Amino acid sequence: MIETKMIREQYKDDYIELQKQWRKHSKELFLVGKLVYWAYWVSKYAEKCKDVEERQHLFSLKNKAMLLLAKSKHTQIRKYVPEVNKKLCRQHYKIMKSKHRNICWFLDAYKQDLLECESCQMGEEQYYNLYSLAIIDNLEKEKKKLLYIFYNPYLLLSEQFPVLEELKSVKHFNGKEYGTIRASGKGTVDLDLEDGFSVKLIVKKFNQNYEELREYFSA
Ligand SMILES: [Zn+2]
């Protein structure tokens with residue numbers, strides 16, 4: 001317990017430091033940074049959440065954030081379009097789960113099997129296409145650094161987001177989102193959520209910062 005408390009204190013200190021850096025740059029980066037920080041926590045919790053209702057709620061918050069963040073000049077939208085992208089049949093889904101690897105690995109490694117499987121070929125089209133949202137800190141090319149990266153199902157955002165033909169493909173894709181949580185910029189992935197903030201606090205902070213950024217864009 002003591003350890004958890006110390007880790008939370010460290011997260012808090014780092015968050016304060018990150019806000020200072022963002023604020024120095026611009027008001028927009030300050031507001032974007034704060035929302036995206038909490039959206040990252042929301043996304044991490046959503047991935048791990050076992051409760052269906054809560055999980056859906058967290059994913060809907062994430063979705064909302066993506067739509068708002070898309071308006072910022074700090075956001076770059078790209079696409080991930082696997083060669084095989086129809087929804088897997090039940091049997092292949094089971095096989096995928098048993099491999100304990102991410103979906104993009106499976107789609108590639110089992111490409112031939114999936115193309116030959118009649119049930120898979122009847123699956124929903126474009127199912128595994130993704131949009132990636134990268135948040136960068138600096139708008140100058142030489143100085144820019146990646147702060148966050150999110151992946152979102154194409155089918156969920158396709159009505160509001162650019163058509164795929166207009167977008168570049170992601171350079172690397174390993175299925176994992178990325179977030180600057182540490183002020184040092186290091187060790188930001190694979191957070192042990194036991195040591196993170198409570199979901200209640202995360203949602204509260206998310207909502208506050210969502211409203212702030214929404215107001216900024218509608219001003
Ligand atoms: Zn199949």
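Residue indices begin from 1 for each chain and proceed along its sequence in written order. Owing to the predicted nature of the model, reporting of local features is limited to residues with pLDDT of at least 70; listing and counting of side-chain atom pairs is limited to 80 or more, with chain, interface and lining totals taken over all residues.

**Comments concerning the overall build of the protein**
Phase 1 of the analysis: Counting from the N terminus, the helices are DSSP H or I runs at least four residues long and the strands are E runs at least two residues long. Of regular secondary structure, the protein possesses nine helices and four strands.
Phase 2 of the analysis: C-alpha atoms define the radius of gyration in this analysis, and the globule rule sets the expected value at 2.2 Å times the number of residues to the power 0.38. The C-alpha radius of gyration of the protein comes to 19 Å, within 12% of the 17 Å expected for a compact globule of 219 residues.
Phase 3 of the analysis: With the C-alpha coordinates of the protein rotated into their principal frame, the extents come out at 55 × 45 × 30 Å.
Phase 4 of the analysis: Any residue surrounded by 20 or more other C-beta atoms within 10 Å of its C-beta is treated as buried, while 12 or fewer makes it exposed and the intermediate range makes it partly exposed; C-beta atoms here are placed from the backbone. Expressed as a percentage of the 219 residues in the protein, the buried residues total 25%.
Phase 5 of the analysis: Note that contacts rest on C-beta atoms placed from the backbone: two residues are in contact if these are within 7 Å. In the protein, of all internal contacts separated by at least 6 residues, the share reaching a separation of at least 24 is 71%.

**Quick look at the pairing of strand S2 (residues 130–136)**
Phase 1 of the analysis: Here S2 lies mainly inside the structure; six of its seven residues are buried.
Phase 2 of the analysis: Strand pairing is assigned whenever DSSP identifies at least 2 bridges connecting the two strands. When strand S1 (residues 75–80) meets S2, the two strands line up antiparallel, connected through six bridges. Looking at the pairing, Lys 79 lines up with Tyr 131 of S2.
Phase 3 of the analysis: Bridging between S2 and strand S3 (residues 146–153) involves seven bridges; their strand directions are antiparallel. Looking at S3, one finds that Ile 135 is bridged to Tyr 148.

**What about the sheet that holds S3?**
Phase 1 of the analysis: One open sheet holds the four strands; their spatial order is S1-S2-S3-S4, and the pairing between them is antiparallel. Each edge of the open sheet is held by one strand with a lone partner, namely S1 and strand S4 (178–179).
Phase 2 of the analysis: Its contacts with the sheet put helix H2 (residues 27–48) on S2, S3 and S4, and the angle it makes with S3 is roughly 50°.
Phase 3 of the analysis: Against the sheet, helix H3 (residues 52–69) makes contact with S1, S2 and S3, and its axis sits at roughly 60° relative to S2, the strand it touches most. Every axis corresponds to a line fitted to the C-alpha atoms, with the helix fit spanning only the stretch in contact, and the corresponding angles, defined between N-to-C directions, vary from 0 to 180 degrees.

**Digging into the environment of Ile 16**
Phase 1 of the analysis: Looking at the element boundaries, Ile 16 is found in helix H1 (residues 2–25).
Phase 2 of the analysis: With 81 residues separating them along the chain, Ile 16 and Lys 97 place their C-alpha atoms 39 Å apart.

**Details of the nonpolar core**
Note that soluble globular proteins tend to have their nonpolar side chains buried in a common cluster.
Phase 1 of the analysis: In this usage, the nonpolar core is the set of buried Ala, Val, Leu, Ile, Met, Phe, Trp, Tyr and Cys residues whose C-beta atoms join them within 7 Å. Counting residues in each nonpolar core, the largest one holds 34 residues, and the members touching the most others are Leu 35, Val 36 and Val 42.
Phase 2 of the analysis: Secondary-structure elements contributing two or more residues to this core are H1, H2, H3, S2, S3 and helix H9 (199–218).
Phase 3 of the analysis: Sorting elements by how many residues they give to this core places H2 first, with twelve residues.
Phase 4 of the analysis: Setting aside residues up to four positions removed in sequence, Val 36 forms contacts with Leu 69, Ile 135 and Tyr 148.

**Description of the environment of Asp 137**
Phase 1 of the analysis: By secondary structure assignment, the location of Asp 137 is in the loop between S2 and S3.
Phase 2 of the analysis: In this structure Asp 137 comes out as buried when scored by C-beta crowding, with 21 C-beta atoms within 10 Å.
Phase 3 of the analysis: Sequence separation between Asp 137 and His 25 is 112 residues; the distance between their C-alpha atoms is 8.3 Å.
Phase 4 of the analysis: The residues touching Asp 137, leaving out its near neighbours within four places in the chain, are His 25, Leu 29, Lys 144, Lys 145 and Leu 147.

**Brief notes about the domain arrangement of the protein**
Phase 1 of the analysis: Under the domain assignment, the protein is made up of domain 1 (2–76 + 129–218) and domain 2 (82–128).
Phase 2 of the analysis: For the domains described, the bounds stem from an automatic or database domain assignment. Just the C-alpha atoms count here: the centres of domain 1 and domain 2 sit 28 Å apart.
Phase 3 of the analysis: Each partner contributes residues to the interface: domain 1 has five residues there, and domain 2 has seven residues.
Phase 4 of the analysis: Across the side of domain 1 that touches domain 2, the residue classes tally to three nonpolar, two polar and no charged. For this scheme, ten residues count as nonpolar: Ala, Val, Leu, Ile, Met, Phe, Trp, Tyr, Cys and Pro. Four count as charged, namely Asp, Glu, Lys and Arg, and the remainder, Gly too, count as polar.

**Thoughts on the packing of H3 against H9**
Helix packing geometry: the angle between the two helix axes and the distance between the axes.
Phase 1 of the analysis: At a minimum axis distance of 11 Å, the contact between H3 and H9 shows a crossing angle of 20°. Taken as axis vectors, H3 and H9 run roughly parallel relative to one another. Classified by chirality, the crossing of H9 by H3 is left-handed. Across the interface between the two elements, Leu 61, Lys 64, Ala 65 and Leu 68 of H3 pack against Phe 206, Tyr 210, Leu 213 and Arg 214 of H9.
Phase 2 of the analysis: In terms of residue class, the contact of H3 with H9 is built from six nonpolar, no polar and two charged. Angle categories are assigned with fixed cut-offs, so that under 35 degrees is roughly parallel, over 145 is roughly antiparallel, 65 to 115 is roughly perpendicular, and the rest are oblique. Handedness of a helix crossing follows the sense of rotation of the near helix relative to the far helix, less than a right angle counterclockwise being left-handed and clockwise being right-handed.

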